[in-house]
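Spelled out from the first residue to the last, the chains are:
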Amino acid sequence: MHTNHKEAYELAKKQYESLGVNVEKALEAIKNIKISIHCWQGDDVEGFLFNQDLTGGISVTGNYPGKARNGEELRSDLEEALKHIPGNHKINLHGIYAETDEEIDLDEIEPKHFKKWVDWAKENNLGLDFNPTCFSHEKSDDGFTLAHPNKEIRDFWIEHCKRSRKIGEYFGKELGQPSVTNIWVPDGFKDTPVDRLTPRRRLMESLDEIFKEEIDEKYNIDTLESKLFGIGSESYVVGSHEFYMGYGLSRNKRILLDAGHYHPTEVVSNKLSALSLFSNGLSLHVSRPVRWDSDHVVTLDDELNEIAKELIYNDLIKNTTVGLDFFDASINRVAAWVIGTRNMQKALLKAMLDPINQLKEAEEKGDYTQRLAIQEEMKTYLFGPIWNEFCIRNNADPGLDWYESIKDYEKNVLEGRGI
């Protein structure tokens, strides 16, 4: 099988090289891009700390058998997925994935509660990212956390976020690569508020308190994630894009853009170049919204390709952290990780294989006909063999060869867990 792949690769390589593309350079470059793979696809965002319904404008639908019920099962599922994802990556955790025999609340989490994750990450050559869990908790039931009018509740969430940053720092020190600690809060109103300003002032003051302690970005990178609306916050979200853009740029914090957190006619790809001019780095949660922030599994669609082009064409990728954020309980959860992560990698590799300099030269000269002709011709080039070669070189199954392994894992492991 690999002989046939090799022949196809050489043919595809010649096709790209005819336009001056260095295929081997692209294969080396894509190998070094880490994707932050979200752990919560494996257990429907339930975590291990509480038996609490999912809240905060988040919804997971489906009841496919085999949901992970504890840390051992979740890590086992991730290991199965990682077998089929070429390269070395990161795993993104939430506060609710702490593992402890103690009864603790979110304002009591410590690095020791994530030691199993760190030990596992070391064994598997992985990085770890982190997120405070500001939802699915009795103190967030009314839809407010860091912007809550009650100071005691605000202080609870402030403490949780402070501790989350220290956990991120712990990850960075232990694993030798920075952890991205991302803050997203669901705060907002279902109906139109009278006062939009005061909650935003409270959120600003809460964040200022959270970030009082300086943490070296060698270990922890702080990011802030906006949202347009959620279930229960349809009319007003405190942490809007404008709020976080202003806060991040004025406080030297990274702004994280989630592909599902904007109006359906907006696209994240068009925001990256503008924001890059004024910020010291970019962060992404790549998802697939279907009419709203539905967090469908990432597919190789037009917007994913455009995001990748923006990152690659102007070398923004070197200062960008790329994470995924989707959860689908209607399909095999492990396969969802593999499909979504490989699609992110495919989009980046495809962008690297474009004749970028030739396209830019045509644009600079005003030769838009040539630009269009090249762009359209590239759509039919033999990308599949290049991708398969990347997989083979990095000990991952090419094509759909990985799928049988996932089905075996489902039969031998996942089905034993029930629905």
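What counts, and where the lines are drawn
One numbering rule holds for all chains: residues counted from 1, following each sequence as written. Whole-chain, interface and lining totals are the exception, using all residues; otherwise, since this is a predicted model, local features are given only for residues with pLDDT of at least 70 and side-chain atom pairs are given and counted only at 80 or more. Think of the side-chain values as coming from all heavy atoms in the structure, minus any hydrogens and water. Axes here mean lines fitted to C-alpha atoms, for a helix over just the part in contact, with angles spanning 0 to 180 degrees between N-to-C directions. Only DSSP runs of H or I with at least four residues qualify as helices, and only runs of E with at least two residues qualify as strands; both kinds are numbered from the N terminus onward. An angle counts as roughly parallel when it lies under 35 degrees, as roughly antiparallel when it exceeds 145, as roughly perpendicular when it falls between 65 and 115, and as oblique in every other case. By convention the crossing between two helices is left-handed if the near helix lies anticlockwise of the far one by an angle smaller than a right angle, and right-handed if it lies clockwise. Between two residues, a contact is recorded if the distance between any of their heavy atoms is within 4.5 Å. Here the nonpolar group is Ala, Val, Leu, Ile, Met, Phe, Trp, Tyr, Cys and Pro; Asp, Glu, Lys and Arg are the charged ones; every other residue, Gly included, is treated as polar. Using a 1.4 Å probe on the protein chains alone, a residue whose accessible area is under 20% of its type maximum counts as buried, one over 50% counts as exposed, and one in between counts as partly exposed. Each direction from the helix axis to a C-beta atom contributes to the arc, which is the arc of those directions. UniProt positions are given in the numbering used here, feature names are shortened, and annotations may be inferred rather than shown by experiment. Polar contacts here mean pairs of N or O atoms no more than 3.5 Å apart (in protein, one a potential hydrogen donor and the other a potential acceptor; neighbouring residues in sequence count only if both atoms are side-chain atoms).

Asks: Just checking my understanding: could you explain the packing of helix 3 (residues 71-82) against helix 10 (residues 333-352) for this structure?
Replies: The packing of two helices is summarised by the inter-axis angle and the distance between the axes. Interaxial distance between helix 3 and helix 10 falls to 9 Å at its minimum, and their mutual angle equals 40°. As summarised for this structure, helix 3 and helix 10 are arranged oblique, according to the angle between their axes. Here the hand of the crossing between helix 3 and helix 10 comes out right-handed. Between helix 3 and helix 10, the residues in contact are Leu74, Asp77, Leu78, Glu80 and Ala81 and Val334, Trp337 and Val338, respectively.

Asks: Help me understand the packing of helix 2 (residues 23-31) against helix 10 in this model?
Replies: Viewed as axis vectors pointing N to C, helix 2 and helix 10 meet at an angle of 145°, and their least axial separation amounts to 9 Å. Pair helix 2 / helix 10 crosses with right-handed handedness. Note on element contacts: helix 10 touches helix 2 through Gln345, Leu348, Leu349 and Met352, opposite Ala26, Leu27, Ala29 and Ile30. Looking at the contact of helix 2 with helix 10 residue by residue, the classes come out as 7 nonpolar, 1 polar and no charged.

Asks: Explanation requested: helix 14 (residues 402-412) in the structure shown.
Replies: Two residues of an α-helix separated by three or four positions point the same way, owing to the 3.6 residues in each turn. Buried within helix 14 we find Trp402, Ile406, Tyr409 and Glu410. Along the axis of helix 14, the buried positions cluster into a sector of 100°, meaning they face one direction only. The outward face of helix 14, more than 90 degrees from its buried face, is lined by the exposed residues Glu404, Lys411 and Asn412.

Asks: Before we go on, may I ask you to explain the side chain of Asp187 in this structure?
Replies: Among the structural elements, Asp187 can be located in the loop between strand 4 (179-183) and strand 5 (188-189). Residues in contact with Asp187, not counting those within four places in the same chain, are Gly143, Phe144, Thr145, Leu146, Ala147, His148, Tyr236, Val237 and Val238.

Asks: It is not clear to me how the UniProt feature "binding site: Mn(2+)" (unreviewed entry) in the chain should be interpreted in this structure. Could you clarify?
Replies: As recorded in UniProt, the feature "binding site: Mn(2+)" (unreviewed entry) lies at His261, Asp293 and Asp295. Spanning 35 residues, the named residues form one tight spatial group whose C-alpha atoms are at most 9.7 Å apart. Tracing the chain through its elements places His261 in the loop between strand 8 (254-258) and helix 8 (269-276). Dropping the residues within four chain positions of it, His261 is found in contact with Trp184, Glu225, Ser226, Lys227, Leu228 and Asp293. A polar side-chain atom of His261 sits 3.4 Å from a polar atom in the side chain of Glu225.

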